[in-house]
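Here is how the chains run, residue by residue.
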Amino acid sequence: MSHLTSGHRRFLATGKAPLRLGVPGFAHPLVAPAEWGRLQRAGLPLDWVVLGGAGGGPGSRPDPYWRAAAAPLREAGVRLLGHLDLAVGTRPLGELLSDAQRFLNWYKVDGFALGRCPADAAGLRETRRAAGALRTLRDGTHLVLLHGTHPCPGYASLADQLVTFAGPWSAYRWSQVAEWTADHPPERFCHLVYAVPRPHLDEAMRIARWQGAGTVFFTDRTNHASRTGRARRASRTGRAAPLTFVRVDPWESLPGYWDDFVSRIGPGVSE
């Protein structure tokens, strides 16, 4: 495709600039207290942390567990974003703003991560309308558009940052960057990659820098897990059963190599 490039000139522009972490949100703090607690470690190069996780939304009432998880991060100066579902541009604006106001009132977020954001030209108008309305709710609202792929260039003017890749390592290692992104600095782009094997962490970071992304999150977690109940039934009957999988959220827990990952990010990292 003519708008894609190998990213060579992006790498020359960014060199070995330090990366920062964009945390797409863990499971609810009641079931993932260790994950939320470890984000409080001093000196983490955090760009932003999403509240609400993949499910999105603030809920119907204030949640004391979310408040407890958010408070120390906010006090440490970490940027907190409420997760809002754009439903590929079909979400009624009134509903979106109502959820956004709850995030502001209950958890004092600094902005919003807009999930299922459209990426084509047809979705620009509604996304522009939503982004403009959200910015009126709070001075300095920080907006991240979770496209998961390279959108058309018009979206770059609507938000502080675009998530231009969200997916598995098997796709990321062969991915290309849209040529128009070379007109913007790395802090405007984020990559979220799951199923990254530990031996490939350095390669993943090189790809991010090569493609001009300043914010990343890599994990060895995958989006599927074995369905053990079926295996147990098979063992009782003595008959073999095919291994089946269920979809899970790969972001709901820390990567197994979290400390190693964090240690490789930032100034002075040797590649």
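Notes on the structure follow. (Residues numbered from 1 in each chain as written. Predicted model: local features only at pLDDT ≥ 70, side-chain atom pairs only at ≥ 80, totals over all residues. Heavy atoms only, no water.)

Side note on the pairing of strand 7 (residues 161-168)
Residues in a regular strand point their side chains to alternate faces of the sheet. With 6 of its 8 residues buried, strand 7 lies for the most part within the structure. As paired elements, strand 6 (residues 142-146) and strand 7 share 3 bridges and run parallel to each other. Opposite valine 144, over in strand 7, you have glutamine 161 as the bridge partner. With 6 bridges connecting them, strand 7 and strand 9 (residues 189-194) associate as parallel partners. Counted as the bridge partner of valine 163 is cysteine 190 from strand 9. (Buried < 20%, exposed > 50% of the residue type's maximum accessible area, 1.4 Å probe, protein only. Helix = DSSP H or I, 4+ residues; strand = E, 2+ residues; numbered from the N terminus. Pairing = 2+ DSSP bridges.)

Thoughts on unusual backbone geometry
Unusually for a residue other than glycine, valine 88 sits at a positive phi of about 55°. Tracing the backbone shows valine 88 in the loop between strand 4 (80-85) and helix 4 (93-107). For valine 88, a relative accessible area of 51% corresponds to the exposed category. Positive phi values are uncommon outside glycine, yet alanine 195 reaches one of about 60°. The partly exposed category is assigned to alanine 195, whose relative accessible area is 25%.

Some points on the state of the cysteines
A covalent bond bridging the sulfur atoms of two cysteines is what the word disulfide describes. Enumeration according to the criterion identifies 0 disulfides in this entry. With no disulfide of its own, cysteine 117 lies closest to cysteine 152 among cysteine sulfurs, the gap being 9.9 Å. (Disulfide = S-S within 2.5 Å.)

Considerations on the sheet that holds strand 3 (residues 46-51)
Pairing is parallel around the closed barrel formed by 8 strands, whose spatial order is 2-3-4-5-6-7-9-10. Across this sheet, the average inter-strand angle for adjacent strands is 25°, counted without regard to direction. Most of the contacts of helix 4 go to strand 4, to which it runs at about 155°, and overall it touches strand 3, strand 4 and strand 5 (111-115). Seen against the sheet, helix 5 (residues 124-135) touches strand 4, strand 5 and strand 6 and runs at an angle of roughly 155° to strand 6. (Axes fitted to C-alpha atoms, helices over the stretch in contact; angles between N-to-C directions. Contact = heavy atoms within 4.5 Å.)

Thoughts on the pattern of salt bridges
Scanning all chains against the criterion turns up 15 salt bridges. Arginine 79 is the salt-bridge partner of aspartate 47, the closest N and O atoms lying 2.9 Å from each other. Here arginine 79 lies in the loop between helix 3 (64-75) and strand 4 and aspartate 47 lies in strand 3, a separation of 32 residues in the sequence. For arginine 79, a relative accessible area of 28% translates into the label partly exposed. Notably, a salt bridge pairs arginine 102 with aspartate 99, separated by 3.1 Å at the nearest N-O pair. Of the two residues, arginine 102 and aspartate 99 both sit in helix 4, 3 residues apart, roughly one turn of that helix. The buried category is assigned to aspartate 99, whose relative accessible area is 13%. Overlapping salt bridges, with partners in common, bring together Arg91, Glu95, Asp99 and Arg102 in one network. (Salt bridge = Lys/Arg side-chain N within 4 Å of Asp/Glu carboxyl O.)

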